[in-house]
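So you can see what is in the structure, the chains are spelled out below.
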Amino acid sequence: KNLFFPGLTAMEKKLAEYKCSTNEAIQLKLVRFPEDLEDDNTTFNPEYSHQVFGDDEVAFGYKGLKILLYYIAGNLSTLFRIEYTSKVNEKFDCVEADDVESKIREIIPPGFCTNTDDFVSLLEKEVNFKPFGMLLHTYSIHNEEAGEDTTYQIYKADMTCPGFREYHERLQTFLMWFIETASFIDVDDERWNYFLVFEKYNKDGATLFATVGYMTVYNYYVYPDKTRPRVSQMLILPPFQGEGHGAQLLETVHRYYMSSPTVLDITAEDPSENYVKLRDFVLVKLCQDLLCFSPVKLMQGFSQEMVTEAQQKLKINKQHTRRVYEILRLRATNMGDAEQSRSYRLDVKRRLIGPYKKKQRELAKMRRCLRPEEMTNQLNQIDLNLQREQLEESFQQLVSDYRRVLERLAQA
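For clarity, every value in this text was computed on a predicted model and none was experimentally measured.

**Regarding the pairing of strand β11 (residues 192-203)**
Judged by how many residues are buried, β11 sits mostly within the fold: ten of twelve residues are covered. In the sheet, strand β10 (residues 148-157) pairs with β11 via six bridges, with the strands oriented antiparallel. In the strand pairing of β11, Tyr155 is matched with Leu196. Relative to strand β12 (residues 206-222), β11 runs antiparallel, the two being bridged by twelve bridges. Bridged to Tyr194 within β12 is Thr216. Counted along the chain from β11 to the antiparallel partner β12, the turn is two residues long, and its residue Asp204 has a positive phi close to 50°.

Here it is, written out as C-alpha cells:
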C-alpha cells in the first residue's frame, strides 16, 4: 500500500488527529454560582453518547473539541456552546467535519443560551425557582465537607403544573448521557407520574432548590378497576450519586402508591442491574418487619402468605417478594451449619432451575423427533453437568449480591 500511495498514511494520521471521543468532549455542569463556570470540579461527563454520536462515540473533524452543556442547578436553563482549537477545512482536506451542533440540537429543547453573559443573568433569577407539584417527603443527609446536614425534598408533579412541561424537556436530556437505552416519553399521555428530588441550598441568605434526580412511572390499567404502576426511568444526576437518593426516591414512590386502594403492585420496565440492587435494598427494608417474614416462617419456606401480605400492604409483586424472602432467609440462616446451608441452597436452586427445566423439556421434544434414543441420553448427561456448573455459579453470584444488600441494611 505504501509503495503506491505514500501519502495515504500521512493523510490518515492527519485525519486521525481530528477524531474526538464524544464522552470526553461533552462537558456537563449544574451551576449554582457564577464561579462554578470556571471550576473544573463541577464538570462531569456522559457515560454514553452513542445514541447521539453513533456506536463509536466519536466526532470527526475537530481538534480539542469541547461541547459545553451547562444547566442552571434548579430550573435547568441551558447554555450550549461548541469550542475547538481547529477544524478540518473542506477546501484543503476534502473532508467534511461532523455537524455536532445539529446533533445536539436534536435532543435539547429550543430556548437555550449560547453565550455566558445571558446564562449568568438567568442565574440571578434562579432565586424565584420553586419545585413543582406536591411535597411527598423531606430527608437530610450529613454533608462532611460543609459539616452540617443538607435537606432534600421529593415532589410528585404532573403536566398541569405551570412550567413543568418545559422543565421536564430539559431534564430528560440527561437520560441520553446516562441511560444506555434511553428514550423520551409521550408527555401528553396522562397516565405518567413524575417524582422529583431537590436539594435545598443557601445563596446570599435565600433558600434555593437544585435538581438532584427524578423517576417516571406509568400507570397501567388492570381489569376491572386496578392499576399497576411501572417504573420506567430513574436517574440520579452524577454529582449526587452514591449518597442514597435513589433509595429515598424509590421508597417514597412505594409509600405514595401504598396508600392507594386501586394500586395492585409496582413493577419496572427492563430494569438495569443497579436498579435491581437498589430495589432489593428498598423492598427488604420495607418488608423486614412484616409478620410473615419472621425467622421461624422464613425457615418454613416461601409461602402464599408472604405473597399476599407484601402485595396488599406494600404493593410488592410476587417475583420481587420471592427475592425479598431469599435475602431475609439468608440473614436468618447460619451458613456455617451444614444442614441449614444445604436447605437454603436447595431452596434457591429450585427456583433457579425452573427456566433450565423448561428448556430441557423443549430440547427433549426436539430430539425425540430428530435423534435415536441413546444419543439423547448422552446429550442430556452433558447438559446436566454443564447445568450444575451454571446453577452453582448463578447461586454464588446471587448470594454475594444478597450479602451486599444485607450489609447496606445493617448500616441503614
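**With respect to the domain arrangement of the protein chain**
According to the domain assignment, the protein chain contains domain 1 (13-126) and domain 2 (130-331). Computed over C-alpha atoms only, the centres of domain 1 and domain 2 are separated by 31 Å. Domain 1 puts 28 residues into the contact, and the matching count from domain 2 is 26 residues. If you look at where domain 1 meets domain 2, you find one salt bridge. The partner of Glu199 in a salt bridge is Arg32, and the shortest N-O contact between them spans 2.9 Å. By residue class, the composition of the side of domain 1 that touches domain 2 is 17 nonpolar, eight polar and three charged.

**Remarks on helix α5 (residues 100-107)**
Taken as a whole, α5 has its buried residues at Val100, Ile104 and Ile107. With its buried residues spanning 60° around the axis, α5 presents them on a single face. Buried residues belonging to α5 abut α3 (50-53), β4 (58-60), β5 (62-63), β6 (66-72), β7 (78-83) and α8 (173-178).

**Section: the UniProt feature "active site" (unreviewed entry) in the protein chain**
As annotated in UniProt, the feature "active site" (unreviewed entry) corresponds to Glu269 in the numbering used here. In this structure, Glu269 sits in the loop between β14 (267-268) and α10 (273-287). With near-sequence residues (within four places) excluded, Glu269 lies in contact with Arg230, Val231 and Ser232.

**Points about the pattern of salt bridges**
The full count for this structure, using the stated rule, is 19 salt bridges. The partner of Glu326 in a salt bridge is Arg322, and the shortest N-O contact between them spans 2.8 Å. Here the residue Glu326 and the residue Arg322 both occupy positions in helix α13 (residues 318-332), the gap between them amounting to four residues, near one helical turn. Residue classification places Glu326 among the buried positions, given a relative accessible area of 0%. Here Arg322 makes a salt bridge to Asp347, at a shortest N to O gap of 3.3 Å. Highlighted residues: Arg322 in helix α13 and Asp347 in helix α14 (residues 338-370), separated in sequence by 25 residues. Residue class for Arg322 comes out buried when judged on its relative accessible area of 13%. What emerges from the salt-bridge pattern is a single network uniting Arg322, Glu326, Arg329, Asp347 and Arg351.

**Here's the deal with the sheet that holds strand β3 (residues 43-44)**
Ordered in space as β3-β2-β6-β7, the four strands form an open sheet in which the pairing is mixed. With one partner strand each, in any of the chains shown, β3 and β7 form the two edges of the open sheet. Alignment of strand β2 (residues 26-31) against β6, held across six bridges, turns out to be parallel. By the bridge assignment, Ile26 is partnered in β6 with Ile67.

**Here's the deal with the packing of α10 against α13**
It is the contact of α10 with α13, at a shortest axis distance of 9 Å, that shows an interaxial angle of 75°. It follows from the interaxial angle that α10 and α13 lie roughly perpendicular. The residues of α13 that touch α10, namely those facing Val276, Arg279, Asp280, Leu283, Val284 and Cys287, are His320, Arg323, Val324, Ile327 and Leu328.

**Some thoughts on unusual backbone geometry**
At the junction of Tyr223 and Pro224, the peptide bond is cis and its omega measures out at -5° in the coordinates. As for its position among the elements, Pro224 is in the loop between β12 and β13 (226-236). Here the phi dihedral of Glu57 falls at roughly 50°; this positive angle occurs in a residue that is not glycine. Considering the arrangement of structural elements, one finds Glu57 in the loop between α3 and β4. One non-glycine residue, Asp270, lies in the positive phi region at around 45°. Along the chain, Asp270 turns up in the loop between β14 and α10. Residue classification places Asp270 among the exposed positions, given a relative accessible area of 67%.

**Some remarks on the packing of aromatic side chains**
Scanning all chains against the criterion turns up 22 aromatic pairs. Plain terms: the ring middles of Phe80 and Phe112 are 5.6 Å apart, the flat faces sit at 75° to each other, and that makes the pair edge-to-face. One end of the pair, Phe80, is in strand β7; the other, Phe112, is in the loop between α5 and α6 (116-125), and 32 residues separate them in sequence. The exposure classification of Phe80 matches that of Phe112, with both residues buried. Taken together, the aromatic side chains of Phe129, Phe132, Tyr155, Phe164, Tyr167, Tyr194 and Phe198 make up a single cluster linked through ring pairs. A cation sits over an aromatic face here: Lys29 above Tyr70, 5.4 Å from the ring centre.

Rules used in this analysis
Residues numbered from 1 in each chain as written. Predicted model: local features only at pLDDT ≥ 70, side-chain atom pairs only at ≥ 80, totals over all residues. Heavy atoms only, no water. Buried < 20%, exposed > 50% of the residue type's maximum accessible area, 1.4 Å probe, protein only. Helix = DSSP H or I, 4+ residues; strand = E, 2+ residues; numbered from the N terminus. Pairing = 2+ DSSP bridges. Domains from an automatic or database assignment. Contact = heavy atoms within 4.5 Å. Salt bridge = Lys/Arg side-chain N within 4 Å of Asp/Glu carboxyl O. Nonpolar A, V, L, I, M, F, W, Y, C, P; charged D, E, K, R; others polar. Arc of directions from axis to C-beta. UniProt positions renumbered as here; feature names shortened; annotations may be inferred. Axes fitted to C-alpha atoms, helices over the stretch in contact; angles between N-to-C directions. Parallel < 35°, antiparallel > 145°, perpendicular 65-115°, else oblique. Phe/Tyr/Trp six-rings, centres within 6.5 Å; stacked < 30°, edge-to-face > 60°. Lys NZ or Arg CZ within 6 Å of the ring centre and 35° of its normal.

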